[in-house]
Amino acid sequence: SHLCTPNAILKVHTYLFLLVFFSAEDYSCGGLLSSSSGTLQSPFYPRNYPNNADCVWEIQVESNFRVTLTFTDIQMEGGRCLSDYVEIYDGPLHSSPLLGKICSGYYPTYTSSSNLLSVRFHSNSRYTYRGFQANYYSTLADDSTSKFYKQALLIYT
Ligand SMILES: [Ca+2]
């Protein structure tokens, strides 16, 4: 029949390609960040983030450093942060204390107690907003051992 002519098949393929191409915009998010400083943001920021997103960033800096994360923008579904939110963990995602769960309204700062900080962004199946942007940097750990050492130097020199 005429539906099986090469021209008809080409038209169907073109149609399917356009359907897939325009129905969902590809993106990747999350990953391991190992530079001493950097920026992370929700997919497509400052355009609206996609629905059903789940992104995990693991920030790992040098072993004697700490990670400080500062948010410069955050706009998501508000309220109790049950729909769309960012979670910040003091170490690896599934085995570390939750430092904060935020979605809108204020721009907090978090500092890890080790050289690892994890950030998870989650969005539910509807209503999207601009999302978030955050910067991180690393600072040399000022632990009790080095403080004691400095005091000892002051006393004995
Ligand atoms: Ca949502």
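Residues numbered from 1 in each chain as written. Predicted model: local features only at pLDDT ≥ 70, side-chain atom pairs only at ≥ 80, totals over all residues.

With respect to the overall build of the protein chain
Spelled out, the test is: What counts as a helix is a DSSP run of H or I of at least four residues, what counts as a strand is a run of E of at least two, and both are numbered from the N terminus. Counting other C-beta atoms within 10 Å of a residue's C-beta gives its exposure: the residue is buried at 20 or more, exposed at 12 or fewer, and partly exposed in between, where C-beta atoms are placed from the backbone.
Along the backbone of the protein chain there are two helices and nine strands. The linear arrangement of helices and strands in the protein chain, starting from the amino end, is α-β-β-β-β-β-β-β-β-β-α. In the protein chain, which comprises 157 residues, the share counted as buried stands at 19%.

Thoughts on the sheet that holds strand β1 (residues 31-33)
Quick note on the threshold: DSSP-based pairing: two strands are paired if at least 2 bridges between them are found. As a rule, the C-alpha atoms of each element are fitted with a line to give its axis, helices using only the stretch in contact, and angles between N-to-C directions run from 0 to 180 degrees.
Strand order across the open sheet formed by five strands is β1-β3-β8-β5-β6, with mixed pairing between neighbours. Edge positions in the open sheet fall to β1 and β6 (98-102), since each of these has one partner strand only. Neighbour-to-neighbour, the strand axes of this sheet turn through a mean angle of 15°, independent of strand direction. Direction of pairing for β1 relative to strand β3 (residues 54-60): parallel, over a ladder of three bridges. Bridging from a neighbouring strand, Leu33 pairs with Ile59 of β3.

Topic: the environment of Gly79
Mapped onto the elements of the fold, Gly79 is located in the loop between β4 (65-75) and β5 (85-89). What makes Gly79 exposed here is the crowd of 9 C-beta atoms within 10 Å. Linking Gly79 and Cys103, residues 24 residues apart in sequence, is a C-alpha distance of 8.1 Å.

Side note on the nonpolar core
What counts, and what does not: Here, a nonpolar core denotes buried Ala, Val, Leu, Ile, Met, Phe, Trp, Tyr and Cys residues that are linked to one another through C-beta atoms within 7 Å. Placing C-beta atoms from the backbone, we regard two residues as in contact once those atoms come within 7 Å.
Ranked by size, the top nonpolar core spans 20 residues in total, and within it Ile59, Val67, Leu69, Val86, Ile88, Leu117 and Val119 carry the most contacts. When residues of this core are traced back to their parent elements, those giving at least two are β3, β4, β5, β8 (116-122) and β9 (131-140). The biggest single contributor to this core is β5, with four residues. Filtering out sequence-adjacent residues up to four positions away, Leu117 remains in contact with Ile59, Val67, Leu69, Ile88, Asp90 and Ser112.

Concerning the pairing of β3
What you see with β3 is a clean split: Cys55, Trp57 and Ile59 sit on the buried side and Asp54, Val56, Glu58 and Gln60 on the side with no burial. With seven bridges joining them, β3 and β8 adopt antiparallel strand pairing. Each residue of the ladder has a partner; that of Asp54, found in β8, is His122.

Quick notes on the pairing of β8
Taken together, the five bridges between β5 and β8 define a ladder with antiparallel strand orientation. The residue of β8 that forms the bridge with Glu87 is Arg120.

What to know about the sheet that holds strand β2 (residues 37-41)
The strand order across the open sheet formed by four strands is β2-β9-β4-β7, and the pairing between neighbours is antiparallel. Each edge of the open sheet carries a strand with a single partner, namely β2 and β7 (109-111). Each strand axis lies, on average, 20° off the axis of its neighbour in the sheet, ignoring direction. Relative to β9, β4 runs antiparallel, the two sharing 10 bridges. Counted as the bridge partner of Gln75 is Gly131 from β9.

As far as function goes, none of this settles anything; it's purely spatial.
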